[in-house]
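Here is how the chains run, residue by residue.
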Amino acid sequence: MLRFIAARCAQALVVLFGITAICFVILHLTGDPAALMLPESASQKDYQELRERMGFDRPLPEQFAGYMVNAASLDFGNSYHQHRPAMAIVLARVPATFELAIVAFLIALLIALPIGIVSATHRNTVVDYGAMSSALVGQSMPNFWLGLMLMLVFSLWLDLLPVSGRLTYGIEAQAATGFYVFEGLLRLNWTLFKDASLHILLPALTAGLYSSARLTRLVRSSMLDVLGEDYVRTARAKGLPEWKVVNVHALKNAGIPLITLCGIELGLLLGGTVVTETVFAWPGIGMLTMQALQNNDFPIIQAAVFLLAFIFVFINLVVDLVYAWLDPRIRYG
Amino acid sequence: MAEAGPLPFQPSAFVEAWGSLRRHKGALIGAVILLAIIVMALCAQWIAPYDPFAQIPWEGRRGPLTHFDGSGRFVLLGTDHLGRDLLSRIIYASRVTLIVSFTAVVISGFIGVVLGVAAGYYGRWVDAVCMRLVDIFLAFPFELLALSVVAVTGPSLPVVVAVMALRIWVVYARVVRGATLAVKEQDYVQAAIALGASQLRIVLVHVLPNVLTPAIVIATLYVGRVILIESALSFLGIGVPASTPTWGGILGDGRSYLDTAWWIAFFPGLAIMITVLSVNLLGDWVRDYLDPRIQA
Amino acid sequence: MSDVLLSAEGLVKHYAVRRQFLGGAARQLRAVDGVSFTLARREVLGVVGESGCGKSTIGRMLVNLIEPTTGRVVFDGIDVTALDKVALRKLRRRMQFVFQDPYSSLNPRLTIERIVGEPLQIHDLCDAAEVMERTAAMLRKVGLGADHMRRYPHELSGGQRQRVGIARALISTPELVVADEPVSALDVSIQAQVLNLLAELRQEMQLSMIMISHNMAVIQHSCDRIAVMYLGQLVEIASADEIVMAPAHPYTAALVSAVPVPDPTARRQRIILQGDVPSPIDPPAGCRFHTRCPHAGIQCAVETPGLREVRSNHWVSCHRSEEIYGS
């Protein structure tokens, strides 16, 4: 098992290295970051000064080495716009994006698990067809469109939910971790909890749309596979009540591949929040990156890319290890 | 694992495929709609009622089914903020969507199949390198990948296609690699070796046709996603340049006018949904059709 | 032109077994452990033994589908194992292989015509127009009509597919055919047909053949000489008649005694061996058969017997052969 862990960790490191290298390549793709950073009116002297200051005039391999070393210590330089360390700015936005992704994921699970299981156990009935059709439609809809339409109906027309942001102006965010919903719940601060929840509802539904549709179909097919297996028939033949067959026997075995998929979905959610954040003005990494784009603020973009890639790789690593732990065939295979 | 008989796109298979399609109602509808959209895209110039680029600002932000005395237009879906006929813009925008998604899927398929077969067939270090490449591309957060490229080069059509192709080839590669590994063990590959066939011949004649079916399945799964991703990029303004109408772009425009002119955001989104739904329905049928042919 | 077409010399094939993850030296699976024999022109040699004795591995090593760990194969004076890739491919035209599984040995995406015609294209044996003619002729020879050419493998029965496999092997007029369990996957009623077909074609095309099977009845019926294998090694090799009438090794005797005889009144003494086949990763010391041999002595557990000629052209690997069976 130890060898397996070591091998997977080494793999993960290689991947991270590759990603950072790609970031570097992209940065230097059109040749001149310095030129891009300066306004039209800048003089040749300003240009030279900037190049020296940023270190762009040193030979490429040296720049690359320096870049990689800095990346390893999470130093991506200062934001061109805000003049503070880029990574620090990005990290400050992590809680917002994380909370959004996690709530979206939970909602997706809440929808997918019961519907998927019921669909599988009531195969080819109206319920099944209805659920699968909805899932298909859900996978065909652009989620930002859904977000806008929900916003239109619930925020603008019906005025039931807030339009944007994480909290209503004026409400104190007494949350050390930055996770407003969860901390509000844990600290029993109902004002915070209610306000944060209302704000997160539409964005989470939007972000989680594709995942919930996909997960529903996956849960259903996974359950169907398992329900057809011999050991399930044996359990039924033994006279076990149906609910026990489903929950105890079938679910556990369907669960293993599902866990991997869930991990991947979560990773995808984290990377895919840009659109949702833009629509709902959610102050997370995605929105930060969009703004950085307008300002040609490369350090921020790089730091964000690196961080998200790191998280994705980390989640995959954890999922693989959990999978290996659950399914002994993988370890020795 | 073997599917049997001719490949689905070889002529001898058409008749059987057509019969199956006719039986599957959902897919038939999807196919018809998709065909209609393709026709619409091809004949956009003749079908669009008005010039999609003509800006008539004082006729802007008027709802569906409005008749204008000034320009004499009867706009079915309303006008956007610059007074352009929404319906015409949506019709024109279908071209971009179809071109981009089709090209991206084909290019990524090509890259993915080649690399997947190479990794599966030649094994060892070729395999190791390919799989690390796959891991790297998978982990790269997609939208940020697009953002970083666009930050440097600015939005453009080829860039969008390239970015999406780069994102998707990995799925093909993984699946094709798995299929190649399985095929490699089959006796008919050993037989080809025993006959004295060259490596190239074995790969092209024996391996490739037997791994294409999973690749086709992947393609059908991803066309829809590619359309959604392209529209998301255009919505954010980092996709196709704004001068060309795209469904996502029109949606993006509509965002600022959600309260006053919701139709600008509503109709393009509807168009996207209908297109992707048809593609998915058709894709589902293609997958179901290919599946039972296993071990015929 | 020497009479010996093929010579296998000291063929050995070891597979490294996956180490247990907590270290320990890599263990070897000794699939084939030193096998040598010769095949004369126009002779049929049968290789018989139970599953896992290494006979299929030998078969594939003879045509270089598997590379021997050590040892060499000499075909018509040419060292097959030492050839470079290009020369090897060209040589392959002369030595062909028939596979066991009719279901996986034909490419499901190709028509029968293309499958059987492929060797002609690979070795450029005739121009395009002739390919179809020769393919049709070959198919007729194996008992399939011209209407089969357009079909795909999944439309044919197991027996028909095996015939296609044979046609494919023979269309390039090879000199040697190695048939690995050619009828094991077929229904018993079809087996006889295919065996007879092989015999006919062999006669007609003057082929030399090596037939591999776990079924002594099949081997007995079709072969001139028989080689008996056990746990990766040859235990006896002699003419078919001698093997059947007067086996000189306890294992051979047991195999022969199990072959059904179509005379209900004949009394057969079936020799039933005790115990299971040992693992090829850890074969017994001394004579590998000694753990199951009813005649095993002390020497058998300690010293490995080599192949020795106990009668004229009759080789056995057993210490006590003369004692048990006389000379």
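For every chain, the first residue of the written sequence is number 1, and numbering continues from 1 along that sequence. For naming, the first written chain is A and the first written ligand is 1, with later ones following in the order written. Restriction of local features to residues with pLDDT of at least 70 applies here, the model being predicted, together with a cutoff of 80 or more for giving and counting side-chain atom pairs; totals for whole chains, interfaces and linings are based on all residues.

## Considerations on the overall build of chain B
Then step 1. Per the secondary structure count, chain B includes eleven helices and two strands.
Then step 2. Listed by position from the N terminus, the elements making up chain B come as α-α-α-β-β-α-α-α-α-α-α-α-α.
Then step 3. If one aligns the C-alpha atoms of chain B with their principal axes, the spans along those axes are about 80 × 45 × 25 Å.
Then step 4. Residues are scored as being in contact if the C-beta atoms we place from backbone atoms lie within 7 Å. Long-range pairs, those at least 24 residues apart, make up 70% of the contacts in chain B with a sequence separation of at least 6. Strands here are runs of E lasting at least two residues and helices are runs of H or I lasting at least four, both read from the DSSP assignment and numbered beginning at the N terminus.

## Observations concerning helix H4 (residues 86–122) of chain B
Then step 1. Take the number of residues in a helix, subtract one, and multiply by 1.5 Å to get its expected span. Here H4 of chain B spans 53 Å end to end across 37 residues, near enough to the 54 Å set by a 1.5 Å rise per residue.
Then step 2. Backbone geometry just after H4 of chain B places Gly123 of chain B at a positive phi near 60 degrees.

## Re the packing of H4 of chain B against helix H9 (residues 199–236) of chain B
All names here are of chain B.
Then step 1. Structural elements are reduced to axes, namely lines fitted to C-alpha atoms, with helices fitted over the stretch in contact, and the angle between N-to-C directions of any two is expressed from 0 to 180 degrees. Relative orientation of the contacting elements H4 and H9 amounts to 145 degrees, with a least axis distance of 8 Å. Judged by the sense of rotation from one axis to the other, the crossing of H4 with H9 is right-handed. Where H4 approaches H9, its residues Thr97, Val100, Ser101, Ala104, Val105, Gly109, Val113, Val117 and Tyr121 are matched on the opposing element by Val203, Val207, Leu208, Val211, Ala215, Ala219, Tyr222, Val223, Val226, Ile227 and Glu230.
Then step 2. Ten residues, namely Ala, Val, Leu, Ile, Met, Phe, Trp, Tyr, Cys and Pro, are considered nonpolar, four, namely Asp, Glu, Lys and Arg, are considered charged, and the remaining ones, Gly among them, are considered polar. Tallied by class, the residues present in the contact of H4 with H9 amount to 16 nonpolar, three polar and one charged. In this scheme the crossing of two helices becomes right-handed for a clockwise turn of the near helix relative to the far one and left-handed for an anticlockwise turn of less than a right angle.

## Digging into the interface of chain A and chain B
Then step 1. Counting from both sides, the interface comprises 39 residues of chain A and, opposite them, 34 residues of chain B.
Then step 2. Elements represented by at least two residues in the side of chain A that touches chain B include exactly helix H1 (2–27), helix H7 (126–140), helix H8 (143–157), helix H13 (274–280), helix H14 (285–294) and helix H15 (298–326) of chain A.
Then step 3. The leading source of residues in the side of chain A that touches chain B is H1 of chain A, at eight residues.
Then step 4. Per-class residue counts for the side of chain A that touches chain B are 29 nonpolar, ten polar and no charged.

## Examining the sheet that holds strand S7 (residues 176–180) of chain C
By definition, the strands of a sheet pair up through backbone hydrogen bonds, in either a parallel or an antiparallel sense.
All names here are of chain C.
Then step 1. Strand pairing is defined by DSSP finding a minimum of two bridges between the two strands. Strands sit in the order S6-S7-S8-S3-S9-S10-S12-S11 across an open sheet of eight strands; the sheet is mixed. Edge positions in the open sheet fall to strand S6 (95–98) and strand S11 (308–311), since each of these has one partner strand only. With direction set aside, neighbouring strand axes in the sheet form an average angle of 20 degrees.
Then step 2. Note that S6 and S7 share four bridges and pair parallel. Bridging across to S7, Gln96 finds its partner in Val177.
Then step 3. Contacts from helix H1 (residues 55–62) reach strand S3 (44–48), S7, strand S8 (208–213) and strand S9 (225–230), with the element oriented near 150 degrees to S8.
Then step 4. Together, S3, S9 and strand S10 (233–239) form the strand contacts of helix H9 (residues 250–257), whose direction differs from that of S9 by roughly 110 degrees.

## Digging into the sheet that holds strand S2 (residues 27–40) of chain C
Residues and elements named next belong to chain C.
Then step 1. As summarised here, the arrangement of the four strands in space is S2-S1-S4-S5, forming an open sheet in which the pairing is antiparallel. Since the sheet does not close on itself, it has two edges, and those belong to S2 and strand S5 (78–79), each with one partner.
Then step 2. As paired strands, strand S1 (residues 4–17) and S2 are joined by eleven bridges and run antiparallel to one another. Looking at S2, one finds that His14 is bridged to Arg30.
Then step 3. Each of S1, S2 and strand S4 (70–75) is contacted by H1, which is oriented at about 120 degrees to S1, the strand it contacts most.

## Thoughts on the nonpolar core
For soluble globular proteins, nonpolar side chains are generally found buried alongside one another.
Then step 1. Formed by 242 residues in total, the largest nonpolar core has its most connected members in Val90, Ala304 and Ala309 of chain A.
Then step 2. Ranked by residues supplied to this core, first place goes to H9 of chain B with 18 residues. Among buried residues, those of type Ala, Val, Leu, Ile, Met, Phe, Trp, Tyr and Cys that are joined through C-beta atoms within 7 Å form a set called a nonpolar core. Any residue surrounded by 20 or more other C-beta atoms within 10 Å of its C-beta is treated as buried, while 12 or fewer makes it exposed and the intermediate range makes it partly exposed; C-beta atoms here are placed from the backbone.

## Things to note about the environment of Ala137 of chain C
Then step 1. Residue placement: Ala137 of chain C occurs in helix H4 (residues 128–141).
Then step 2. In this structure the C-alpha to C-alpha distance between Ala137 of chain C and Leu207 of chain C, which are 70 residues apart in sequence, comes to 18 Å.

## What to know about the confidence of the model for chain B
All names here are of chain B.
Then step 1. Residue-level confidence of the predictor is summarised by pLDDT, bounded by 0 at the bottom and 100 at the top. Here chain B averages 83 in pLDDT, and 92% of its residues register 70 or above.
Then step 2. Ranking the elements of chain B by mean pLDDT puts helix H6 (residues 142–153) last, at 69, and helix H8 (residues 187–195) first, at 92.
Then step 3. Taken as a whole, residues 292–296 scores under 50 in pLDDT and shows nine contacts with residues more than four places along the chain or in a different chain.

## Description of the environment of Pro278 of chain C
Residue and element names in this part refer to chain C.
Then step 1. Its location among the elements puts Pro278 in the loop between H9 and helix H10 (298–302).
Then step 2. The partly exposed category is assigned to Pro278, around which 16 C-beta atoms lie within 10 Å.
Then step 3. Remark: the alpha-carbon pair of Pro278 and Leu11, spanning 267 residues in sequence, is separated by 21 Å.
Then step 4. With residues up to four places along the chain from it excluded, the contact list for Pro278 reads Leu231, Pro283, Pro284 and Thr291.

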